[in-house]
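# Close look at the chain arrangement
Each chain, letter by letter, is given below.
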Amino acid sequence: MEPAYKILIADDHPLFREAISNVIASGFEGTEIIETEDLDSALEITRENDDLDLILLDLNMPGMHGLNGLISLRNEAPTIPVVIVSAEEDKQIVLQAITYGAVGFITKSSPRAQMTEAIQQILNGNVYLPSDIIRTGKESSHRRTRNDENLISPELLNSLTRRQLLVLERMAKGESNKQIAYNLNIAETTVKAHVSAILRKLGVHNRVQAILAAGDVDFSQYLKR
């Protein structure tokens, strides 16, 4: 039987709340869904429900003031994963949201199956980014001239073992630990150990930073050795 989750949907559009509720209800049976339409009530709900498993947050609802609302929510409930669900598809906004503590970004134009898969990945403890964001992570870094630290130096990449490079390559494609384990024919616990080692060697704090930094790396050059 599927585990029961407790998920908050914070969005000021009733039709979208209904749509995402249906996605969750059909994909994650037994889940308790709480709905709200502005930031103040979302903050109040997180204070009263410290057992929330996930918050799905709209960037443009009342009180948000863009990413400031995300920062407020992360300060109020730092242990509850927050995923941005937005019609916004600007890559800079997506990357900033991740920088400010979101564990994923789902665009409202995503197909139902893709939304379900994204929520599942996040509930499993992974992160989720739209694949086009991952692919163009390095391009975005070029435009943000002061954020060149997002790029991985060749020296750091050369410090990774061949197996760690293979894991990082699949992380950069947006694969979950379970998918990586299956594709590389290794145990999921082994993948987790590799991911921890990769984060440590690259000097990044989380999986999202590693994915963004590796978004445009030519792994074939490093796997030749």
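Residues numbered from 1 in each chain as written. Predicted model: local features only at pLDDT ≥ 70, side-chain atom pairs only at ≥ 80, totals over all residues. Heavy atoms only, no water.

## Quick word on the confidence of the model for the protein
Rule in force here: Every residue carries a pLDDT, the predictor's confidence in it, which falls somewhere between 0 and 100. By the criteria applied, helices consist of DSSP H or I runs no shorter than four residues and strands consist of E runs no shorter than two, each listed in order from the N terminus. Residue contacts are defined here by distance: any two heavy atoms, one from each residue, within 4.5 Å place the two residues in contact.
Overall, the predicted model of the protein reaches an average pLDDT of 85, with 89% of residues at or above 70. The element-level mean pLDDT for the protein is lowest in helix 7 (residues 137-143), coming to 44, with strand 1 (residues 6-10) highest at 97. Confidence drops under a pLDDT of 50 for residues 137-149, and excluding neighbours within four residues, the segment shows 14 contacts in the predicted structure.

## Concerning the sheet that holds strand 5 (residues 104-107)
Backbone hydrogen bonds hold the strands of a sheet together, and the pairing may be parallel or antiparallel. Stated precisely, the cut-off is as follows: Each pair of strands is called paired provided DSSP finds at least two bridges between the two strands. Only the contacting stretch of a helix is used when fitting its axis, a line to C-alpha atoms as for every element, and angles between N-to-C directions run 0 to 180 degrees.
Spatially, 2-1-3-4-5 is the arrangement adopted by the five strands of the open sheet, whose pairing is parallel. Taken across any chain shown, the strands that pair with only one partner, and hence form the sheet edges, are strand 2 (32-36) and strand 5. Sheet twist, expressed as the mean angle between neighbouring strand axes with direction ignored, is 20 degrees. In this structure, strand 1 lies alongside strand 2, joined through five bridges in parallel fashion. Counted as the bridge partner of Ile 9 is Glu 35 from strand 2. Of the strands in this sheet, strand 1, strand 2, strand 3 (54-57) and strand 4 (82-86) touch helix 1 (residues 14-27), which is tilted by about 170 degrees from strand 2.

## Side note on the side chain of Ser 21
Where we set the bar: Between buried and exposed lies partly exposed: a residue is buried under 20% and exposed over 50% of the maximum accessible area for its type, with that area taken using a 1.4 Å probe on protein chains only.
Along the chain, Ser 21 turns up in helix 1. Residue classification places Ser 21 among the buried positions, given a relative accessible area of 10%. Excluding residues within four positions of it along the chain, Ser 21 makes contact with Ile 9, Ile 33 and Glu 35.

## Observations concerning the packing of aromatic side chains
For any two aromatic rings, the description comes down to two numbers: the centre-to-centre distance and the angle of the planes. Applicable threshold: Between 30 and 60 degrees the pair is tilted, below 30 it is stacked and above 60 it is edge-to-face, where a pair is any two Phe, Tyr or Trp rings, Trp via its six-membered ring, whose centres lie within 6.5 Å. The rule for a charge over a ring is simple: NZ of Lys or CZ of Arg within 6 Å of the ring centre, and within 35 degrees of the ring normal.
As enumerated under the stated definition, the model contains one aromatic pair in all. One cation-aromatic arrangement involves Lys 108 over Phe 16; the distance from NZ or CZ to the ring centre is 4.5 Å.

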